[in-house]
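Summary of structural features
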Amino acid sequence: MIIAPKVRGFICTTAHPVGCAENVAQMVGYAKSCPGAAEGPRRALVIGASGGYGLSSRIAAAFCYGASTIGVSLERPGAGQKTGTAGFYNNRAFEKLAAEAGLIAHSVNGDAFSESVKAETVALIKNKLPGGKVDLVVYSIAAPRRTHPVTGEVFSSVIKPVGAPFTGSTIQVLSGEMSEVTIEPATEGEIAGTVAVMGGEDWLLWMEALGEAGVLAHGVTSVAYSYIGPELTHAIYRGGTMGRAKDDLDQKAAQIASIVAPIGGRAFVSVNKALVTQASSAIPVVPLYISLLYRIMKRNGTHEGCTEQMVRMLQRIYPEREGELTPAIDQAGRLRMDDWEMNPKVQREISELWGKISPETLPELADAEGYRKDFFRLFGFEVPGVDYGADVPEPLI
Ligand code: NAI
């Protein structure tokens, strides 16, 4: 079977198993070249581990620190002529490389929002991880909907402004064409739905379940991911429904910190850089912003992909020397991994370019090609070294 990309809107409905495996191998190669401090994570649980920031967190914990890992995600294997999801292939590639490196790695494929997946994960920690506990819990779920484990209510997440309509420019991933989008403000129900899916309630439920089961190690660290971004994306992101969800995440971080305090633990939110992932491709305007950002940060030599970010984040969380974490924490107690993105010089340059951007100037001013390539790579396409004309044998599908 020859597998080609099939893009629908902001998602690719096919994934290439060999390309995904090669992607993971390259990320693992980078992590291996950055050994972490001796006092790093040894047993990590990553919730949302099959793509984007979660996959890179797992790779960094395992291959920089030698951590045993459990990854939770919701992915689909291939069936007949239908390929599996990229995350399914990523998990498989990760497990293979971990086994080759002698690292313990187990994956749970199911709905992280459910009580049954939490119970299955607790059992795995008890039975498969050294000492039956975890010392790092990463929460990196990005989902379109959530079934509440107690009420059964189904909530949907939307990306909309709050209070007033929003009009702005965005680019089509496949064609690189620019277009204008207008989005009506969210209703109260949509805001509440987005908070229920992308806010911190499920992270809190996970930490409560892990705590009650006695599988949190003394000194456990838990981290969940957030985004703030510049004024340009404020109306659609931080000032919109997603921002409400991220405010909720900040509140829950404080609650979780007090739950783990008696066992010497800590919990915080890490504000990460805007990067091309399946989740961020769905946000209008952000692809155009990322294209401008990529061009500037690549030119400045400060560009990072998910794995570079997560390696640097763990270096801050587990510093070589005591106290190195402190300067990177903002007044709200958040770890600021977006420091290079939010550098005032970088942001000033983006604001200046924003007014000049048009279909004609796009190729010159923005790295739309870099955006497009990263998008396809998420699904295992356009990965250097992979022969896409070659037949993919059945067991790989
Ligand atoms: P992603 O789409 O690459 O990965 C999402 C993960 O969640 C996947 O592993 C997927 O399998 C898992 N997942 C989704 N629904 C699930 C369910 N019901 N049960 C189990 N697993 C499920 O997303 P990305 O971009 O890595 O986002 C992760 C976090 O990072 C989010 O909180 C996002 O807001 C945040 N973030 C993302 C940024 C970006 O630019 N991509 C920037 C800063 C923060």
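Going by the structure above, here's the rest.
What counts, and where the lines are drawn
- Residues numbered from 1 in each chain as written.
- Predicted model: local features only at pLDDT ≥ 70, side-chain atom pairs only at ≥ 80, totals over all residues.
- Heavy atoms only, no water.
- Helix = DSSP H or I, 4+ residues; strand = E, 2+ residues; numbered from the N terminus.
- Rg over C-alpha atoms; globule rule 2.2 N^0.38 Å.
- Buried < 20%, exposed > 50% of the residue type's maximum accessible area, 1.4 Å probe, protein only.
- Phe/Tyr/Trp six-rings, centres within 6.5 Å; stacked < 30°, edge-to-face > 60°.
- Lys NZ or Arg CZ within 6 Å of the ring centre and 35° of its normal.
- Expected span 1.5 Å × (residues − 1).
- Contact = heavy atoms within 4.5 Å.
- Near = heavy atom within 4 Å.
- Polar contact = N/O pair within 3.5 Å; in protein donor to acceptor, adjacent residues only side chain to side chain.
- Areas by Shrake-Rupley, 256 points an atom, 1.4 Å probe, with all protein chains shown as cover.
- Core = buried A, V, L, I, M, F, W, Y, C linked by side-chain atoms within 4.5 Å.

**Concerning the overall build of the protein chain**
- What the protein chain contains, in helices and strands, is 12 helices and 13 strands.
- Here the C-alpha atoms of the protein chain give a radius of gyration of 20 Å, agreeing with the 21 Å that 2.2 N^0.38 yields for 397 residues.
- Seen through its C-alpha atoms, the protein chain measures out along the principal axes to roughly 60 × 50 × 45 Å.
- For the protein chain, the proportion of its 397 residues judged to be buried stands at 54%.

**Comments concerning the packing of aromatic side chains**
- For the structure on display, the rule yields eight aromatic pairs.
- A connected cluster of aromatic rings, assembled from ring pairs, spans Phe 375, Phe 376 and Phe 379.
- Between the NZ or CZ atom of Arg 266 and the centre of the ring of Tyr 318, over which it lies, the distance is 5.6 Å.
- Cation over ring: Arg 312 sits above Trp 340, and NZ or CZ is 3.5 Å from the ring centre.

**Notes on helix H8 (residues 286-300)**
- Between its first and last C-alpha atoms H8 spans 20 Å; for 15 residues at 1.5 Å apiece the expected length is 21 Å, and the two agree.
- Taking burial as the measure, the 15 residues of H8 include 11 buried ones, the bulk of the element.
- For H8, every residue scored as buried is listed here: Val 286, Pro 287, Leu 288, Tyr 289, Ile 290, Ser 291, Leu 292, Leu 293, Tyr 294, Ile 296 and Met 297.
- Looking at the buried side of H8, the elements it contacts are strand S9 (166-171), strand S10 (178-183), helix H10 (344-354), helix H11 (362-365) and helix H12 (368-378).
- Gly 301, located one to two residues past H8, shows a positive phi value of around 75°.

**With respect to the site of the ligand**
- Near the ligand you find 30 residues, and of these Ser 50, Glu 75, Ala 112, Leu 275 and Thr 277 are the closest.
- Interatomic distance of 3.3 Å between a backbone N/O atom of Leu 74 and a nitrogen atom of the ligand.
- Within the contact set of the ligand, an oxygen atom lies 2.6 Å away from a side-chain nitrogen or oxygen of Thr 277.
- In isolation the ligand has 840 Å² of accessible area, and contact with the protein removes 92% of it.

**Side note on the nonpolar core**
- By size, the foremost hydrophobic cluster in this structure holds 117 residues, and its most contacted members are Leu 45, Phe 63, Trp 203 and Leu 210.
- The contacts of Leu 210, once residues within four sequence positions are left out, are Leu 45, Val 122, Ile 125, Val 137, Val 215 and Leu 216.

**Let's talk about unusual backbone geometry**
- Here the phi dihedral of Val 285 falls at roughly 75°; this positive angle occurs in a residue that is not glycine.
- Relative to the elements of secondary structure, Val 285 occurs in the loop between strand S12 (266-271) and H8.
- In this structure, Glu 382 is a non-glycine residue whose phi angle is positive, near 60°.
- In this fold, Glu 382 is placed in the segment after H12.
- The exposure class assigned to Glu 382 is partly exposed, which follows from its relative accessible area of 29%.

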